[in-house]
Amino acid sequence: MAHSKSPAARPLSPHLQIYQPMLTMMLSIMHRLTGAALYFGSLLLAWWLIAAASGPEYFALVNGYAGTLIGKLVLFGYTWALIHHMFGGFRHFLWDTGRGFDLSMVELMARASLIGSLGLTVAIWAIALTAGAL
Amino acid sequence: MADMRTPLNKVRGLGSAREGVDHFWRQRVTALANIPLTLFLAVTIALLAGKDHAAVAAYLGSPLAAIAFAALILSATIHMRLGMQTIIEDYVHGEAAKIISLIANTFFAIFVGLASLLAIVKLSLGG
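Each value, and the rule that gives it
- All chains use their own residue numbering, which begins from 1 and follows the written sequence.
- By the order in which they are written, chains take letters starting at A while ligands take numbers starting at 1.
- In keeping with the predicted nature of the model, local features appear solely for residues at pLDDT of at least 70, side-chain atom pairs appear and are counted solely at 80 or more, and the whole-chain, interface and lining totals rest on all residues.
- Think of the side-chain values as coming from all heavy atoms in the structure, minus any hydrogens and water.
- Under the DSSP-based scheme used, a helix requires at least four consecutive residues in state H or I and a strand at least two consecutive residues in state E, with every element numbered from the N terminus.
- Put simply, the radius of gyration uses C-alpha atoms, and a globule should come to 2.2 Å times the residue count raised to 0.38.
- Partly exposed residues are those whose accessible area sits between 20% and 50% of the maximum for their type, while under 20% is buried and over 50% is exposed, using a 1.4 Å probe and protein chains only.
- Residue contacts follow a heavy-atom distance rule, with two residues in contact if any of their heavy atoms lie within 4.5 Å.
- For every accessible area listed, the method is Shrake-Rupley and the probe measures 1.4 Å; residues are considered covered only by the protein chains on display.
- For this count, His and the chain ends are skipped, Lys and Arg are scored as positive, and Asp and Glu as negative.
- Charge coordinates come from a single atom per side chain, which is NZ of Lys, CZ of Arg, CG of Asp or CD of Glu.
- Helix span, as expected, comes to 1.5 Å for every residue beyond the first.
- Stacked, tilted and edge-to-face are the three classes assigned to paired rings of Phe, Tyr and Trp, where Trp is represented by its six-membered ring and a pair needs centres within 6.5 Å; plane angles under 30 degrees give stacked, over 60 edge-to-face, the rest tilted.

A.B. asks: Please clarify how the overall build of chain B should be interpreted in this entry.
C.D. replies: Scanning chain B for helices and strands turns up five helices and zero strands. Going from the N terminus to the C terminus, chain B shows its helices and strands as α-α-α-α-α. For 127 residues, the compact-globule estimate of 2.2 N^0.38 gives 14 Å, and the C-alpha radius of gyration of chain B, at 21 Å, exceeds that figure by more than 25%. For chain B, the spread of C-alpha atoms along the three principal axes comes to 75 × 25 × 25 Å. Burial status across chain B gives 35% buried among its 127 residues. Pairs at least 24 apart in sequence give 72% of the contacts found in chain B among residues at least 6 apart. A total of about 7700 Å² of accessible surface is found on chain B, and carbon and sulfur atoms cover 72% of it. Measuring between centres, the 10 positive side-chain charges of chain B sit 4 Å from its 7 negative side-chain charges.

Laid out in structure tokens, this is it:
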């Protein structure tokens, strides 16, 4: 048995920059990115809940931040990240059963989750706006 | 100097921590719970955006909303801690940095969870 001190210099597999970007790969990256964004976004949610529990004065301050253009974009982005990550989860549930691995199905699900998440997010905000939000 | 340790002895303790199945199932069960709870949260955020304190406090203090939020906070913080654990294990390879990151991940999830739950409890008991 060999007992070399340092491991042999083995060839490394190429990393992201070598690959042609593809939709399925982008969705895989987006699933991780939306997950990480929601992780830190949970701080915003906690902040908002604490503001509501703290009373009208502090809540008005936080509400003021949320009402700016950037605040509105963050709110929209946050709800989209929630819903997009959920659609990514649907694909993983199907894959967990061993189904949906053929290329046409993978491509179809990638498109469906993009269109579905954007469509559902816009629909939720459209309904909320007509119900008098913002 | 001859190495007296057997190959098996050298790899003992370096392999699987035998918690992979538990991680997998927790991730899936919380993901399932997160489906209705996520939709509830997205609709809630959209509906309450721009509303004043009285309206938001009344909504969040109602029993059904409070139960849904408490369930969401529990399920989501467990789910996001497991997800971030996977990300850390994928990208952080130094032993010390990895352990510190994993502990910080646990602390972050518990902090966010407790802070959010406390706010919900306070709102439920009348602000």
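Following the structure, the description resumes.
A.B. asks: Even after reading the chapter, I still don't get helix H5 (residues 95-124) of chain B, so can you show me in this structure?
C.D. replies: For H5 of chain B, spanning 30 residues, the distance from its first C-alpha to its last is 44 Å, which sits close to the expected 44 Å at 1.5 Å a residue. The complete set of buried residues in H5 of chain B reads Asn-105, Phe-108, Ala-109, Val-112, Gly-113, Ala-115, Ser-116, Ala-119, Ile-120 and Leu-123 of chain B. Buried residues belonging to H5 of chain B abut helix H1 (23-54) of chain A together with helix H3 (53-61) and helix H4 (63-91) of chain B.

A.B. asks: What exactly am I supposed to notice about the packing of aromatic side chains here?
C.D. replies: Any two aromatic rings considered together are summarised by their centre-to-centre distance and by the angle between their planes. Under the counting rule described, the total for this entry stands at eight aromatic pairs over all chains. Here Trp-95 of chain A and Phe-101 of chain A contribute two aromatic rings whose centre-to-centre distance is 6.2 Å and whose plane-to-plane angle is 20 degrees, an arrangement assigned as stacked. A relative accessible area of 19% means that Trp-95 of chain A is categorised as buried. With relative accessibility at 54%, the residue Phe-101 of chain A sits in the exposed group. Clustering of aromatic rings is evident, with ring pairs tying together Tyr-39 and Phe-40 of chain A together with Phe-108 of chain B.

Function cannot be inferred from these measures alone, as they are strictly geometric.
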